[in-house]
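Summary of the model geometry
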Amino acid sequence: MSTKNLELYLNDHLAGSVGARELLSHLVKTFREESLGSFFQDLDREIEAKQAILRDLMGRIGVPESSVRQTAAWVAEKISRFKLGLGVSESDPMGLFESLEGLVLGTFGQHSLWAALGKAAPQIPSWAEVDFERLGREARALSDRVEERRLELARQVLVADSKIAAQS
C-alpha cells in the first residue's frame, strides 16, 4: 500500500504550522508591548508543541519532512505579510484582523488533522497510544480562542468609520 497520500497530507499540515509560526513570530514582535504579544507567544508555544507531535508521528512511520513544502510556506507567509500590511497599528487594524482570521483557519485545520489521523490510526500500529480525540479538542479550543480575539476586532474593522456605519 502506498503512503503517498499520507505523506502529502502530513507534510502539508507541517508546512502550514511552519507558516503559522513564522507569522506568529512577527506578531509577537509587533505587539510585544501589548497583551496581544503574550497571547501570540502562548499561541506559538501551543502550535510548536503540536508541531513536535506531528513530527514525531511522521518519524514513527518513516515519513520524511518536505523542505520544499516548508520553504513554500515560509515564502507564502512573507508574501501574505506584505498583503496584510503587517506592521499593523491600532489606527489600521485590518492586517491584524486578517492575520487572526488566517490563524483561526489554520488552528481549525489542526483540529481537522487530528480527527482524520484518529480515523486512520487503527491501521497504523505505532500510533495506537496517541489520543487524537484529546488533540482535536485542544486544537478546537485553540481555534475558539483565536476566533474570540478576531471577533473582538470585527466591528471596529468592518464597519467603524465607514459609510455603512453612517447609514445606520
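Reading the values: rules and limits
Residues numbered from 1 in each chain as written. Predicted model: local features only at pLDDT ≥ 70, side-chain atom pairs only at ≥ 80, totals over all residues. Heavy atoms only, no water. Helix = DSSP H or I, 4+ residues; strand = E, 2+ residues; numbered from the N terminus. Contact = heavy atoms within 4.5 Å. Areas by Shrake-Rupley, 256 points an atom, 1.4 Å probe, with all protein chains shown as cover. Phe/Tyr/Trp six-rings, centres within 6.5 Å; stacked < 30°, edge-to-face > 60°. Buried < 20%, exposed > 50% of the residue type's maximum accessible area, 1.4 Å probe, protein only. Expected span 1.5 Å × (residues − 1). Core = buried A, V, L, I, M, F, W, Y, C linked by side-chain atoms within 4.5 Å. Axes fitted to C-alpha atoms, helices over the stretch in contact; angles between N-to-C directions. Parallel < 35°, antiparallel > 145°, perpendicular 65-115°, else oblique. Left-handed = near helix turned anticlockwise from the far one by under 90°. Nonpolar A, V, L, I, M, F, W, Y, C, P; charged D, E, K, R; others polar.

1. A closer look at the overall build of the protein
Along the backbone of the protein there are six helices and zero strands. In the protein, the succession of α and β elements from N to C terminus is α-α-α-α-α-α. Across the protein, the fraction of contacts at a sequence separation of at least 24, relative to all contacts at a separation of at least 6, is 81%. Within the structure as shown, the protein displays about 9,800 Å² of accessible surface, and the carbon and sulfur contribution to it stands at 55%.

2. Considerations on the packing of aromatic side chains
Note on aromatic pairs: each is described by the distance of the centres and the angle between the planes. A complete count under the given rule lists four aromatic pairs for this structure. Ring geometry for phenylalanine 31 versus phenylalanine 40: centroids 6.0 Å apart, planes at 50°, classification tilted. Of the two residues examined, phenylalanine 31 and phenylalanine 40, each falls in the buried class. Relative to phenylalanine 40, the ring of phenylalanine 39 has its centre 5.5 Å away and its plane inclined at 65°; by these criteria the two rings are edge-to-face. Given the relative accessible area of 11%, phenylalanine 39 is considered buried.

3. Things to note about helix α2 (residues 35-60)
Since there are 3.6 residues in each turn of an α-helix, residues three or four apart along the chain are aligned in direction. Taking 1.5 Å per residue as the helical rise, α2 with its 26 residues ought to reach 38 Å, and the 38 Å between its terminal C-alpha atoms agrees with that figure. In this structure, the buried side of α2 is in contact with α1 (4-30), α4 (94-120) and α5 (132-158). Immediately beyond the C-terminal end of α2, within one or two residues, lies glycine 62, with a positive phi of roughly 75°.

4. Examining the nonpolar core
The tendency in soluble globular proteins is for nonpolar side chains to be buried as a group. The biggest cluster of nonpolar side chains holds 20 residues, and the ones touching the most others in it are Phe40, Leu43 and Leu103. Setting aside chain neighbours within four positions, we find phenylalanine 40 in contact with Leu24, Leu27, Val28, Phe31, Leu96, Leu100 and Leu103. Counting residues in hydrophobic clusters, the runner-up holds 16 residues, among them Leu57, Met58, Leu117 and Phe132.

5. Things to note about the packing of α2 against α5
Across the interface, α2 lies against α5 with an axial gap of 12 Å and an inter-helix angle of 155°. In terms of orientation, α2 lies roughly antiparallel with respect to α5. For the pair α2 and α5, the crossing hand works out as left-handed. Side by side, α2 and α5 meet where Ser35, Leu36, Phe39, Leu43, Glu46, Ile47, Lys50, Ile53 and Leu57 of the first sit next to Phe132, Leu135, Glu138, Leu142, Arg145, Val146 and Arg149 of the second. Tallied by class, the residues present in the contact of α2 with α5 amount to ten nonpolar, one polar and five charged.

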